[in-house]
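# Structure assessment
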Amino acid sequence: MRYHPLTDHDRAHMRATIGVGAVDQLFSDVPRDKLLSGLLDLPTTKSELEVERLMGRMAARNVAAGSVPFFVGAGAYRHHVPASVDHLIQRSEFLTSYTPYQPEIAQGTLQVLFEFQSQVGRLTGMEVANAGMYDGSTGCGEAVLMAHRLTRRNKAVLSGTLHPQYRAVVETLGRMAGDTVEALPPDPEATEDILARIDGQTACVVVQSPSVYGHLIDLAPIAEKAHAVGALLVAVVTEVVALGAIEPPGAQGADIVVGEGQSLGNPLGFGGPYVGLFATREKFIRQLPGRLCGETVDADGKRGFVLTLSTREQHIRRDKATSNICTSSGLCALAFSIHATLLGEAGLTRLAAINHASAAATADALAAVPGVKVLNDTFFNEFTVRLPGDAAAIVEKLAAKGIIAGVPMSRLEPGRPELADLLLVAATETTTDDDRAAFAAALAEVL
Amino acid sequence: MMNTQGRPTRPAEAEAATPVATFTGNRGLQIEEALIFEIGRPDVSGVDLPPAPKAASRLGKHARRAPLGLPGLTEPEAVRHYVRLSRQNYAIDLGLYPLGSCTMKHNPRLNEAMVRLAGFADIHPLQPLSTVKGAVQLMQELSHWLLTMTGMAAVALSPKAGAHGELCGMMAIKAALAARGESRSIVLVPESAHGTNPATAAQLGYKVVPVPAREDGTVDPAAVKALLSPDVAAIMLTNPNTCGLFERDIVEIAEAVHAAGAFFYGDGANFNAIVGKVRPGDLGVDAMHINLHKTFSTPHGGGGPGSGPVVLSKALAPFAPLPFIRLDAGEPVLVETEEGLAEAETPFGRLTAFHGQMGMYVRALAYMLAHGADGLRQASEDAVLSANYVKARLSDLFNAPYGGRPCMHEVLFDDSSLEGTGVSTLDFAKAMIDEGYHPMTMYFPLVVHGAMLIEPTESESLASLDLFIATLRDLAMAAKAGDTERFRQAPRLAPRRRLDETRAARSPRLSWKDPLPAAEAAE
Ligand SMILES: Cc1ncc(COP(=O)(O)O)c(C=O)c1O
């Protein structure tokens with residue numbers, strides 16, 4: 001087939017060189033009765049054209065976000081990505097290289113990672129960042145484990161502002177690792193009193209701002225209380241574009257900041273691959289999970305970059321490693337970094353302002369629909385509305401009208417009737433006035 | 001007849017090429033590139049955006065107060081920056097990339113085109129399920145292929161890479177033991193295992209007990225039996241193993257593990273050697289991750305993203321994490337929450353937000369469809385044939401410590417053939433760089449001295465393999481002939497010479513620090 005350069009003639013020559021008659025002689029260590037004699041019960045090889053047809057048919061059964069008025073967020077956001085980003089990440093030398101284990105021939109990847117770490121540090125207001133995690137949610141899980149190592153305590157307190165699927169990831173990891181995870185109830189109106197839950201056993205408190213409901217949370221008092229009792233504040237950001245507009249968590253006292261980096265450079269892609277941002281204070285670097293890229297010099301004294309502090313990592317420390325992570329999200333980190341570089345401070349600030357104005361206009365349009373209540377006093381580009389009825393059912397009715405309205409909270413928090421009428425609505429620079437008007441009009445019709 | 005004399009078309013008699021010190025530090029096509037922090041400006045942008053509409057702020061007291069210090073580049077500057085950086089990387093698209101255990105095979109570009117179809121790239125994980133039927137269908141198709149290839153009962157697609165898959169499989173094992181009312185505390189891991197195996201077990205609170213390798217590089221069932229006890233939760237075994245060998249007693253090991261009430265975790269990083277040849281499910285495996293970014297060629301991207309679906313046996317299937325796909329009257333349904341689960345469905349929890357690495361699912365399925373059952377088997381056979389060919393043609397100059405048996409997709413050499421030459425495995429690897437090759441995996445697995453693990457993959461032509469072999473032979477002979485400078489000074493022709501890793505670790509500089517203003521710096 002087209003991907004296999006060896007011909008039958010080559011294969012015969014190679015077998016003769018090795019000294020075997022049939023290729024199965026090379027599989028002689030496989031138990032005889034287990035070696036398959038025929039082909040697997042799967043279709044046989046296909047041309048490009050045939051594969052395109054099959055895949056195209058599946059793709060066509062999905063409604064692309066860009067083809068309709070679209071208001072879905074909750075941890076993944078539809079943004080416009082400049083064409084040059086996707087072009088550059090498809091450079092062979094970025095796309096088809098491995099983790100930079102041989103730094104002399106991987107300076108491209110390494111310099112990008114150094115720049116990425118620096119950008120993430122500045123965005124989050126932290127001193128150091130690692131070279132990326134799988135995504136925001138797994139980074140959140142790792143942050144809790146890191147806080148446990150740093151404080152030698154094993155109780156994490158999760159705010160009700162946290163994305164429910166992030167909460168589930170932390171709870172799963174915590175339960176399996178023998179830690180205690182205390183989750184506060186969902187906080188749709190930003191009324192929780194988390195300070196009362198922080199005590200001398202607390203390793204860390206995990207708070208998301210903007211919250212999953214869209215509220216902007218004042219982190220400073222939480223950091224203050226946590227620090228007073230020897231606990232750490234883990235701040236979570238699922239929409240990094242917000243950092244173009246709001247105070248960075250680092251400036252509010254966060255000890256670890258984890259973020260979902262998808263918004264910059266990476267398509268929605270049904271949930272992955274994305275890139276997790278992970279930043280902390282300099283004094284905690286020996287407990288960081290994941291790869292770190294550092295500056296050094298080569299034998300000629302020229303500046304260069306290497307993976308460093310790897311005595312934290314699984315390939316050196318094995319069962320004493322800070323994490324088991326190996327392959328992470330290099331190419332997504334590259335996409336993030338290119339997009340951030342193209343925007344620059346001026347572009348990001350403006351992009352954030354446009355997102356905020358877009359969401360504000362959307363909130364105003366929906367609030368004007370009779371029976372609809374916006375719950376947020378503060379928000380960035382996403383907010384929560386209370387509908388006069390079951391939000392999931394209303395979203396389905398709107399989808400039938402060609403409008404993808406948002407995330408019904410019941411999708412993330414099933415079995416909580418008190419949240420069943422809540423809808424999360426996001427708007428970005430891709431949302432138009434027509435989209436907003438169509439949404440409000442259709443909502444008025446179906447209510 | 002015009003101007004045929006105007007320009008010399010032949011090089012002048014050249015002297016032997018010596019490195020030239022240039023004014024710029026550039027060397028022809030190899031151009032140095034500064035950091036974005038050195039060339040960017042905070043007020044410059046490569047994205048034109050309209051002014052934000054005037055609107056009342058809803059940021060409350062949370063509006064940002066200080067600048068971030070993020071540099072910007074215009075589009076031409078940015079394109080140049082990243083293209084220049086890209087040229088400092090080696091890549092599969094440039095040449096043979098024999099990193100053992102990493103499976104650097106060709107990445108078909110069709111797969112890149114498919115993942116960029118709007119119906120896959122531009123769909124949100126939380127938009128109504130009625131609007132993503134094709135995505136769920138794709139996940140179901142991929143599951144079907146994976147289960148057919150492995151002969152297993154169920155698959156958890158969501159793990160984000162191999163190591164995440166290990167967590168998934170070991171969590172399922174922990175949950176299954178808990179469901180039996182047991183909490184066992186030991187996990188057996190062979191000494192040759194990848195570091196992620198012991199790290200995973202430890203992360204879940206298990207005590208890791210190493211299993212020694214026997215003389216031929218495989219695991220001795222007697223050694224496993226001697227370590228088994230009612231306190232052993234599982235064994236984590238890589239097959240083919242990291243020495244490139246098929247664990248020939250795997251069935252006996254699996255039976256012993258099961259008889260002791262423990263589970264068999266298979267590290268499937270090397271599944272690419274046996275697809276279509278033998279099914280892990282027939283060997284007694286209970287859980288195994290599959291690195292889609294190795295076996296099924298989703299590109300490595302300089303360190304990810306990966307994707308590590310885990311196939312599960314009947315015993316572990318009920319514990320598969322959320323989300324998973326259930327067939328309701330033949331229709332695939334994405335189950336995302338515990339709401340409305342059947343009694344037999346007892347997921348151990350959730351490993352990630354959303355549904356895993358969809359972008360990798362699309363690429364891997366495109367790869368599978370293109371190959372088909374016949375092409376997949378051919379890929380395994382060619383990978384194994386190529387590794388054995390490299391081994392056969394190098395065995396007189398390199399020592400294969402476990403060379404008595406055929407290898408699978410990779411061949412392991414130690415450094416004994418370099419003894420007395422003053423050339424180490426590291427030196428040898430760096431000399432390969434000057435010859436235009438990415439080095440093999442070095443110093444892994446830990447069970448042999450100065451390991452060199454070579455995985456040529458099925459993507460190389462015979463001519464490419466022969467040239468690679470000839471290069472390694474030339475280098476080996478140069479080492480034996482005492483040409484040590486060639487090795488100790490290598491690489492000389494790469495974008496950088498050897499880098500000072502000690503310095504990087506001793507005084508870590510992990511991010512850009514703006515230079516101090518001249519006045520302060522002078523103080
Ligand atoms: C044998 C083995 N196991 C596990 C892994 C971990 O896989 P990943 O890097 O995808 O997490 C690797 C690859 O690095 C490997 O070679």
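Residues numbered from 1 in each chain as written. Chains lettered and ligands numbered in written order. Predicted model: local features only at pLDDT ≥ 70, side-chain atom pairs only at ≥ 80, totals over all residues. Heavy atoms only, no water.

## Regarding the overall build of chain A
Quick note on the threshold: Note on conventions: DSSP H or I runs of at least 4 residues are helices, E runs of at least 2 residues are strands, and numbering of each starts at the N terminus. Atoms counted for the radius of gyration: C-alpha only. Globule rule: 2.2 Å times residue count to the power 0.38. Only protein chains enter the area calculation, which uses a 1.4 Å probe; residues under 20% of their type maximum are buried, those over 50% are exposed, and those in between are partly exposed. The method behind every accessible area is Shrake-Rupley, applied with a 1.4 Å probe, and residues are considered shielded solely by the protein chains displayed. The charged-residue count follows a simple rule in which Lys and Arg add positive charge and Asp and Glu add negative charge, with His and chain termini not counted at all. Lysine's charge is taken at NZ, arginine's at CZ, aspartate's at CG and glutamate's at CD.
Tallying secondary structure elements over chain A gives 13 helices and 13 strands in all. At 25 Å, chain A has a C-alpha radius of gyration in line with the 22 Å of a compact globule built from 447 residues. In terms of principal-axis extent, the alpha carbons of chain A reach across some 80 × 55 × 50 Å. Looking at the 447 residues of chain A, the share that counts as buried comes to 66%. Approximately 13700 Å² of chain A is accessible, and the part contributed by carbon and sulfur atoms is 51%. Side-chain charges of chain A comprise 38 positive and 50 negative groups, with the mean position of each set lying 5 Å from the other.

## Things to note about the site of the ligand
Condition: One heavy atom suffices: a residue is near a molecule or strand as soon as one of its heavy atoms comes within 4 Å of it. N or O atoms closer than or at 3.5 Å make up a polar contact, with two conditions inside protein: a donor-capable atom paired with an acceptor-capable one, and, for residues adjacent in sequence, both atoms drawn from side chains. The nonpolar class holds Ala, Val, Leu, Ile, Met, Phe, Trp, Tyr, Cys and Pro. Asp, Glu, Lys and Arg form the charged class, and all remaining residues, Gly among them, are polar.
Close contacts around the ligand come from 15 residues, with A:Thr327, B:Ser101, B:Asp267, B:His293 and B:Lys294 the closest. At the site occupied by the ligand, nearby residues are drawn from chains A and B. Within the side chain of B:Ser101, one N or O atom sits 2.6 Å away from an oxygen atom of the ligand. Against a free-state accessible area of 390 Å², the protein chains account for coverage of 99% of the ligand. Of all the elements, helix α6 (residues 162-179) of chain B adds the most residues to the shell around the ligand, at three residues. Residues that form the shell around the ligand fall into these classes: five nonpolar, seven polar and three charged.

## A few points about the interface of chain A and chain B
Reports of interface size often rely on the accessible area that becomes lost once the parts have come together. Filter applied, for reference: Here, residues are in contact when the closest pair of their heavy atoms is within 4.5 Å. Two parts placed together each lose some accessible area under a 1.4 Å probe, and adding up what both lose gives the buried area. A carboxyl oxygen of Asp or Glu within 4 Å of a side-chain nitrogen of Lys or Arg is what we treat as a salt bridge.
The interface of chain A with chain B comprises 194 residues on the first partner and 212 residues on the second. Carbon and sulfur atoms supply 62% of the area that chain A and chain B bury against each other, a total of about 17500 Å² over both sides. Among the residues chain A hides against chain B, the three largest losses belong to A:Arg122, A:Phe270 and A:Arg411. Together they make up 6% of the total. The interface formed by chain A and chain B includes 16 salt bridges. Measuring nitrogen to oxygen at the nearest pair gives 2.6 Å for the salt bridge that ties A:Arg411 to B:Glu336. Taken together, the links from chain A to chain B amount to 105 residue pairs in polar contact (both at pLDDT 80 or more). For the side of chain A that touches chain B, the element with the highest residue contribution is helix α10 (residues 330-367) of chain A, accounting for 25 residues.

## Some points on the environment of B:Leu73
Mapping B:Leu73 onto the fold places it in the loop between α1 (36-39) and α2 (75-86). Among the residues examined, B:Leu73 registers a relative accessible area of 0% and is labelled buried. Once the C-alpha coordinates of B:Leu73 and B:Val47 are considered, the two residues, 26 residues apart in sequence, prove to be 9.1 Å apart. Dropping the residues within four chain positions of it, B:Leu73 is found in contact with A:Thr341, A:Leu342, B:Ile36, B:Ile39, B:Gly40, B:Arg41, B:Val44, B:Ser45, B:Gly46, B:Ala78 and B:His81.

## With respect to the packing of helix α5 (residues 133-150) of chain B against helix α10 (residues 358-394) of chain B
Residues and elements named next belong to chain B. So the rule is basically this: Between N-to-C directions, angles cover 0 to 180 degrees, with each direction set by a line fitted to C-alpha atoms, over the stretch in contact for helices. Every angle not falling under 35 degrees, over 145, or within 65 to 115 is termed oblique; those three ranges are roughly parallel, roughly antiparallel and roughly perpendicular. By convention the crossing between two helices is left-handed if the near helix lies anticlockwise of the far one by an angle smaller than a right angle, and right-handed if it lies clockwise.
Between α5 and α10, the least distance of the axes is 10 Å, while the angle of their chain directions is 45 degrees. By the angle between their axes, α5 is oblique relative to α10. For the crossing formed where α5 meets α10, the hand is left-handed. Here Ala135, Leu138, Met139, Glu141, Leu142, Trp145, Leu146 and Met149 of α5 lie close against α10, whose contacting residues are Met358, Tyr361, Val362, Ala364, Leu365, Met368, Leu369, Gly372 and Leu376. Residue composition of the contact of α5 with α10, by class: 15 nonpolar, one polar and one charged.

## A few points about the domain arrangement of chain A
Residue and element names in this part refer to chain A. Cut-off, in case you're wondering: Throughout, the edges of the domains are those of an automatic or database domain assignment.
Partitioning chain A into domains gives domain 1 (67-80 + 346-446) and domain 2 (83-339). Relative to domain 2, the C-alpha centre of domain 1 lies at a distance of 27 Å. Of the residues lining the interface, 30 residues belong to domain 1; the matching set on domain 2 comes to 26 residues. Of the roughly 2300 Å² buried at the junction of domain 1 and domain 2 (both faces included), carbon and sulfur atoms supply 62%. Broken down residue by residue, the surface that domain 1 buries against domain 2 is led by Tyr77, Leu348 and Phe380, which jointly contribute 23%. Counting across the interface, domain 1 meets domain 2 through two salt bridges.

## Things to note about the domain arrangement of chain B
Residues and elements named next belong to chain B. Under the domain assignment used here, chain B contains domain 1 (111-367) and domain 2 (377-499). The centre of domain 1, based on its C-alpha atoms, is set 31 Å off from the matching centre of domain 2. With 23 residues of domain 1 in contact, the opposing surface of domain 2 contributes 19 residues. Taken together, the connections running from domain 1 to domain 2 amount to two salt bridges. Note that glutamate 381 is salt-bridged to lysine 277, the shortest N-O span being 2.7 Å. Between the two partners, domain 1 and domain 2, sit six residue pairs in polar contact (both at pLDDT 80 or more). Among the residues forming the side of domain 1 that touches domain 2, the class breakdown is nine nonpolar, nine polar and five charged.

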